Structure formats: C-alpha cells, structure tokens
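Structural overview for review
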Amino acid sequence: MRHTKINQNGSDGRYMVWLLQTDNDGLGNKIETVIEMKDFAQKARAKNYQRKLETEITHDRTINQEIQNTLNKI
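Structural notes, computed from the coordinates. (Residues numbered from 1 in each chain as written. Predicted model: local features only at pLDDT ≥ 70, side-chain atom pairs only at ≥ 80, totals over all residues. Heavy atoms only, no water.)

1. Some points on a nonpolar patch on the surface
For the record, the criterion: To count toward a patch, a residue needs a relative accessible area above 30% and no salt bridge. Like charges then connect within 9 Å, nonpolar side chains (Val, Leu, Ile, Met, Phe, Trp, Tyr) within 5 Å. For the area figures, the Shrake-Rupley method with a 1.4 Å probe applies, and any residue is considered shielded solely by the protein chains shown. Salt bridges are identified by distance alone: a Lys or Arg side-chain nitrogen within 4 Å of an Asp or Glu carboxyl oxygen. Each helix is a run of H or I in the DSSP string that is no shorter than four residues. Each strand is a run of E no shorter than two, and both are numbered from the N terminus.
There is a patch of nonpolar side chains on the surface, built from Ile 63, Ile 67, Leu 71 and Ile 74 and spanning about 410 Å² of accessible area. When you line up the elements, Ile 63 lands in helix H1 (residues 43–73).

Here it is, written out as structure tokens:
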C-alpha cells in the first residue's frame, strides 16, 4: 500500500515529503520502500505536494477497483 508522510529536518530545516510503499515480506514483517522524496523550504508547499500525491494514490486505487469489478463481471 502506498502512503505519504512529511518530516522536517531539525527545527529550522527543510520539509521532506516522502512517497512510501509498505509491503509484507510474508513473515509478518512490514517493509517500507521509498518511492519518491522531495524537499521544500515552506511547509505550505510541502503540504500541497503531499495532497497531490495522495490524490494520485486515490485515483490509482479507484481505477484498479474499477478494473477488478469489470474483470469479475466477465
């Protein structure tokens, strides 16, 4: 499953936006893989970029569900 998170480097540092994918290795361990990382000086820009990524993730999930529903009807 893909998700995003924002971290700030230090108290006056830049804001890092991470696009992560969480997988299960089959042994019960969760593995997080960094898909994309981008840094911003302003928190507002980091939040806007995070919203953009979340919208893309939601769109991809919706399309995958529609494909599965169509395949199940066949």
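2. Some remarks on the sheet that holds strand E3 (residues 30–40)
Formally: Strands were regarded as paired on the criterion that DSSP finds at least two bridges between them. Only the stretch in contact is used when fitting a helix axis, every axis being a line fitted to C-alpha atoms; angles between N-to-C directions are given from 0 to 180 degrees. Note on definitions: a residue-residue contact is assigned when non-hydrogen atoms from the two residues lie within 4.5 Å.
A sheet is described by the order of its strands in space; here three strands give the open sequence E1-E2-E3, paired in antiparallel fashion. Here the strands that pair on one side only, and so sit at the sheet edges, are strand E1 (2–8) and E3. Direction aside, neighbouring strands of the sheet carry axes that sit 25 degrees apart on average. In this structure, strand E2 (residues 15–24) lies alongside E3, joined through 10 bridges in antiparallel fashion. Each bridged residue has a counterpart across the sheet, and for Gln 21 the counterpart in E3 is Thr 33. Set on the sheet, H1 makes contact with E1, E2 and E3; between it and E1 the angle comes to about 170 degrees.

3. Brief notes about the environment of Leu 53
Just so we agree on the cut-off: Note on exposure labels: buried denotes an accessible area under 20% of the residue type's maximum, exposed denotes more than 50%, and partly exposed covers the range between, all computed with a 1.4 Å probe on protein chains only.
Within the fold, Leu 53 resides in helix H1. For Leu 53, a relative accessible area of 4% translates into the label buried. Note: C-alpha distance between Leu 53 and Trp 18 (35 residues apart in sequence) is 9.5 Å. Setting aside residues no more than four positions away along its own chain, Leu 53 makes contact with Thr 4, Val 17, Leu 19 and Glu 36.

4. Regarding the side chain of Thr 4
Condition: Distance and chemistry together define a polar contact, namely a pair of N or O atoms within 3.5 Å, with one atom able to donate a hydrogen and the other to accept it when in protein, and with adjacent residues in sequence counting only for side-chain atoms on both sides.
Tracing the sequence through the fold places Thr 4 in strand E1. According to the relative accessible area criterion, Thr 4 is buried, its value standing at 10%. Among the polar contacts listed, one links the side chain of Thr 4 to the side chain of Gln 50, at a separation of 3.1 Å. Polar side-chain contacts of Thr 4 include one of 2.5 Å to the side chain of Glu 54. Excluding residues that lie within four positions of it along the chain, Thr 4 makes contacts with Trp 18, Leu 19, Gln 50, Leu 53, Glu 54 and Ile 57.

5. Quick word on the pattern of salt bridges
Side chains carrying opposite charge are able to pair once their charged atoms draw close together. A complete count under the given rule lists two salt bridges for this structure. Notably, a salt bridge pairs Asp 39 with Arg 14, separated by 2.7 Å at the nearest N-O pair. With Asp 39 in strand E3 and Arg 14 in the loop between E1 and E2, this pair connects stretches of sequence that are 25 residues apart. Note that Glu 56 is salt-bridged to Lys 52, the shortest N-O span being 3.4 Å. Linking Glu 56 with Lys 52, this pair stays in helix H1, spanning four residues, or about one helical turn.

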